[in-house]
2 protein chains.
Amino acid sequence: MTLQELFGVELPIIQAPMAGYQGSEMAIAVSNAGGLGSLPCAMLSLQAMQTELTAIRAGTAKPFNVNFFCHATPEIDTEREAAWRKLLRPYLEEFDIELGDAPTPLRTPFSAAAADVLAAFKPAVVSFHFGLPAADLVKRAKGWGSKVLSSATTVEEALWLSRQGVDAIIAQGFEAGGHRGIFLSEDLTTQVGTFALLPQIARAVGVPVIAAGGIADAKGVAAAMSLGAAGVQPGTAFLLCPEATTSAVHRAALQSDRASHTALTNLFTGRPARGIMNRLMADLGPINAAAPAFPLAGAALAALRKKAESLGKDDFSPLWSGQNASGCREIPAAALTRSLAG
Amino acid sequence: MTLQELFGVELPIIQAPMAGYQGSEMAIAVSNAGGLGSLPCAMLSLQAMQTELTAIRAGTAKPFNVNFFCHATPEIDTEREAAWRKLLRPYLEEFDIELGDAPTPLRTPFSAAAADVLAAFKPAVVSFHFGLPAADLVKRAKGWGSKVLSSATTVEEALWLSRQGVDAIIAQGFEAGGHRGIFLSEDLTTQVGTFALLPQIARAVGVPVIAAGGIADAKGVAAAMSLGAAGVQPGTAFLLCPEATTSAVHRAALQSDRASHTALTNLFTGRPARGIMNRLMADLGPINAAAPAFPLAGAALAALRKKAESLGKDDFSPLWSGQNASGCREIPAAALTRSLAG
């Protein structure tokens, strides 16, 4: 079965869900263009989720994807939080910022309550990052007819997802921007480039495989298909579209020479994610053991980021980007979707 | 100009030079099959190089490639060497090994003396790793009609090589096995997956680009061509060929599930190279600052490796492999070459 048949879409292009960088507007544009638009819900309240889903239903009759993180929210470790704030103290002083008492997680995992909201919308596709939620929640999503997807960063993860009965697997190569989907290991040496990961996953599993990481244009899509992909899920390429809520400093970084140097970093959330090198990453090293557990690391940075961005600085902003930002174009998401499809 | 025209070969397939793992026999087989066979000289004495080149000339009338490292041989740092040996002491005791006084570098860079030997053979192609040798040496190689190649691991390195007038550039993706060609930086976060690196280098330079890293079969070759490659340089896929001198423990590792987990490691030589995880890498971490400068790190390990391999153990062996060992087949190099060409 082709991906188009599986999802009921015209083009084998999924717009990668990018929490914090896009909402319903982009999802609608991509779905109406024949691709599969995505709504990332990791940073939405249930109320906001309801609003966004209502907007999508009003904006398109086409299939769309709703994406969730499925991490376990950690207990706050006061000692680790204190050590982290100590590391950030010079910046807090420089920008004259007082932090509150306790961090507030900025990202919430999929839950029964989220499933309750989602049930009314029965999206064609529900995708997860960081593995899968509890089996009963997966079952609920499948129960209302949604196809269930998740990301694999290794062949082992792909085989695990396949055993859980997912309908398709996203092979997320090392090149991909944003959070690594890695969930069976914390060892970053296990992470494999798209060119090696994709054909090995495609050979290992019986479900369609969707390529992510480094895909910037129609030639990239063709190459992914040669390597066994049934479809692709580009993200970075959409970050300059008018429908994206990408910040001004982030847009500028993506269009600069600096975009050629990204790194996996845990500084912004506590989990490894790929972004363009900036001051914080250079100062603390992109991976620093002091960063609190996901998603708590970002809390202490939020005020710093806001203040710095107001001054036009990206020192503390997660400048998510894959290793190939050459496909970023300031064109509508619909045009980009069609251009990717070639 | 196609790669075939540039080199005078039938197929756009270069067999990656693999110092220590193959000699003239493989180069002859690949060249006679229509690809470009390679002789790696980094671990050969001038005498051995002369012998091997003579064998190639006798074995084929087709074009071939001669490959050299072009590092600066470091001074021996006695303090660092002592710290390194201290780290290895438990293993030396376990295997009852006494080390000699001073390490002997196991790899030699390209030199005027090597050029003197090479001049008599005028190979169609001379390729370098770790940048380029002194300009006068490059000029000599070009003077006798050789096409000059080198590897780039970033767009910046590709632009640098292009400015030095190389005839083609090998885009060495993160997935590739063996030594990273990285030479403008020591920062491993700069390393880019093949899927992202290849099209960006192809767009940036005016010379043909050869893809390396993750290419295991004809579909991989087709994908690389989609991404702008003029040819490919697979290495790992050749390691099980009868013409390879790959050790028994290395062959076993390549055919095991362990091949799915490789890492960049500096433990075996002092420079980052990709190999299958083994005991030493797990114990010391694949990257350890105590490892002496390239190529000295390997010296203290040589006796350990020999003893362990004689007992069937790969604990101290560099098990070089890319992230896609799925193309390794126990078939003659000529058959593999033709199979890659599809």
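Residues numbered from 1 in each chain as written. Chains lettered and ligands numbered in written order. Predicted model: local features only at pLDDT ≥ 70, side-chain atom pairs only at ≥ 80, totals over all residues. Heavy atoms only, no water.

Caption draft 1: Molecular detail of the relation of the copies chain B and chain A. If you rotate chain B by 180 degrees and push it 0.0 Å along the axis, it lands on chain A with an RMSD of 0.0 Å. Such a combination of rotation and displacement between the chain copies is what one expects of a two-fold axis. Ranked by how close their C-alpha atoms come to the rotation axis, the residues of chain B are headed by B:Ala223, at 2.1 Å. (Least-squares fit on C-alpha atoms with pLDDT ≥ 70 in both.)

Caption draft 2: Structural context of the sheet that holds strand β10 (residues 273-276) of chain A. Residue and element names in this part refer to chain A. If you walk across this open sheet you meet the three strands as β6-β10-β9, and the pairing is antiparallel. The open sheet has two edge strands, β6 (178-179) and β9 (262-265), and neither has a second partner. Note: β9 against β10, four bridges, orientation antiparallel. The residue bridging Ala263 from the neighbouring strand is Gly275, located in β10. (Pairing = 2+ DSSP bridges. Helix = DSSP H or I, 4+ residues; strand = E, 2+ residues; numbered from the N terminus.)

Caption draft 3: Local environment of the confidence of the model for chain A. Here chain A shows a mean pLDDT of 96. Residues at 70 or above account for 100%. With a pTM of 0.97, the predicted complex shows an ipTM of 0.96. (pLDDT = per-residue confidence, 0-100.)

Caption draft 4: How the structure looks around the packing of helix α2 (residues 24-32) of chain B against helix α3 (residues 46-59) of chain B. Residue and element names in this part refer to chain B. In contact at an axis separation of 9 Å, α2 and α3 are set at 30 degrees when each is read in the N-to-C sense. Relative to α3, α2 is oriented roughly parallel. With respect to the hand of their crossing, α2 and α3 are arranged in right-handed fashion. For the pair α2 and α3, contact is made by Ser24, Ala27, Ile28 and Asn32 and by Glu52, Ala55, Ile56 and Gly59, respectively. Considered class by class, the residues forming the contact of α2 with α3 number four nonpolar, three polar and one charged. (Axes fitted to C-alpha atoms, helices over the stretch in contact; angles between N-to-C directions. Parallel < 35°, antiparallel > 145°, perpendicular 65-115°, else oblique. Left-handed = near helix turned anticlockwise from the far one by under 90°. Contact = heavy atoms within 4.5 Å. Nonpolar A, V, L, I, M, F, W, Y, C, P; charged D, E, K, R; others polar.)

Caption draft 5: Structural context of the packing of aromatic side chains. Per the counting criterion, the structure on display carries 22 aromatic pairs over all chains. Taken together, a centroid distance of 5.1 Å and an interplanar angle of 65 degrees make the contact between B:Tyr91 and B:Phe316 edge-to-face. You can see B:Tyr91 sitting in helix α4 (residues 78-94) and its partner B:Phe316 sitting in the loop between α12 (297-310) and α13 (333-341), a full 225 residues away along the chain. Accessibility classification places B:Tyr91 together with B:Phe316 in one group, the buried group. Linked through ring pairs, A:Phe68, A:Phe110 and A:Phe128 together constitute an aromatic cluster. In this structure, A:Arg274 is placed above the aromatic ring of A:Phe174, and the distance from its NZ or CZ to the ring centre is 4.5 Å. Taking NZ or CZ as reference, B:Arg271 lies 3.7 Å from the ring centre of B:Phe130, over its face. (Phe/Tyr/Trp six-rings, centres within 6.5 Å; stacked < 30°, edge-to-face > 60°. Buried < 20%, exposed > 50% of the residue type's maximum accessible area, 1.4 Å probe, protein only. Lys NZ or Arg CZ within 6 Å of the ring centre and 35° of its normal.)

Caption draft 6: View of the side chain of A:Gln15. Residues and elements named next belong to chain A. If you trace the backbone, Gln15 turns up in the loop between α1 (3-7) and α2 (24-32). Gln15 sits in the buried class, given a relative accessible area of 0%. Within the structure, Gln15 has its side chain in polar contact with the side chain of Gln22 (distance 2.8 Å). In this view, Gln15 contacts Gln22, Met26, Ala27, Val30, Leu36, Gly37, Ser38, Gln233, Pro234 and Phe238; residues no more than four positions away in its chain are not counted. (Polar contact = N/O pair within 3.5 Å; in protein donor to acceptor, adjacent residues only side chain to side chain.)

Caption draft 7: Looking closely at the pairing of strand β3 (residues 125-129) of chain B. Residues and elements named next belong to chain B. The element β3 is extensively covered by neighbouring structure, given that five of its five residues are classed as buried. A two-sided burial pattern is seen for β3, the buried positions comprising Val125, Ser127 and His129 on one face and Val126 and Phe128 on the other. Sheet analysis places β3 next to strand β4 (residues 147-152), joined by four bridges and oriented parallel. The residue of β4 that forms the bridge with Ser127 is Leu149. Between β3 and its parallel partner β4, the chain crosses via helix α6 (residues 135-143), and the hand of that crossover is right-handed. (Right-handed = clockwise from strand over helix to strand, strands pointing away.)

Caption draft 8: Region of interest: the side chain of A:Glu157. Residue and element names in this part refer to chain A. Along the chain, Glu157 falls in helix α7 (residues 155-163). Summary of buried charges: Glu157 has no salt-bridge partner, and the nearest side chain of opposite charge, Arg180, is 7.2 Å away. Polar contacts involving the side chain of Glu157 include one to the side chain of Thr153, which spans 2.7 Å. Look past the residues within four positions of Glu157 in its chain and what remains in contact with it is Ala152, Ile182, Phe183, Leu184 and Ser185. (Lys, Arg positive; Asp, Glu negative; His and termini not counted. Salt bridge = Lys/Arg side-chain N within 4 Å of Asp/Glu carboxyl O.)

Caption draft 9: Expanded view of helix α3 (residues 46-59) of chain A. All names here are of chain A. Its 14 residues give α3 an end-to-end C-alpha distance of 20 Å, which sits within 8% of 20 Å, the value for a rise of 1.5 Å per residue. Looking at α3, one finds that the buried residues are Met49, Glu52, Leu53 and Ile56. Viewed end-on, α3 has its buried residues packed into an arc of 100 degrees, placing them on one side of the element. Exposed and facing more than 90 degrees away from the buried side of α3 are Gln47 and Ala58. Residues of α3 that are buried sit in contact with α2, β1 (37-40), β2 (64-69) and α5 (112-119). (Expected span 1.5 Å × (residues − 1). Arc of directions from axis to C-beta.)

Caption draft 10: How the structure looks around the interface of chain B and chain A. Contacts between the two partners involve 33 residues from chain B, matched on the other side by 33 residues from chain A. Taken together, the two surfaces of chain B and chain A that pack against each other cover about 2300 Å², and 58% of this comes from carbon and sulfur. Contact with chain A buries surface across chain B, with B:Thr189, B:Phe195 and B:Gln323 losing the most and accounting together for 26% of the total. Counting every contact that joins chain B to chain A gives two salt bridges. The partner of B:Asp217 in a salt bridge is A:Arg203, with the nearest N and O atoms 3.6 Å apart. At the boundary of chain B and chain A, one finds 12 residue pairs in polar contact (both at pLDDT 80 or more). The set of elements that each furnish at least two residues to the side of chain B that touches chain A consists of α8 (194-204), α9 (218-226) and β9 (262-265) of chain B. Considered class by class, the residues forming the side of chain B that touches chain A number 13 nonpolar, 15 polar and five charged. (Buried area = accessible area lost by both parts, 1.4 Å probe.)

Caption draft 11: Looking closely at the pattern of salt bridges. Counted under the stated rule, the structure contains 18 salt bridges over all chains. Between A:Asp116 and A:Arg140 there is a salt bridge; the shortest N-O distance is 3.0 Å. One end of the pair, A:Asp116, is in helix α5; the other, A:Arg140, is in helix α6 (residues 135-143), with 24 residues separating them in the sequence. The exposure class assigned to A:Arg140 is partly exposed, which follows from its relative accessible area of 31%. The residue B:Asp315 makes a salt bridge to B:Arg279 at a minimum N-O spacing of 3.0 Å. Of this pair, B:Asp315 sits in the loop between α12 and α13 while B:Arg279 sits in helix α11 (residues 279-284), and the two are 36 residues apart along the sequence. Given a relative accessible area of 28%, B:Arg279 falls into the partly exposed group.

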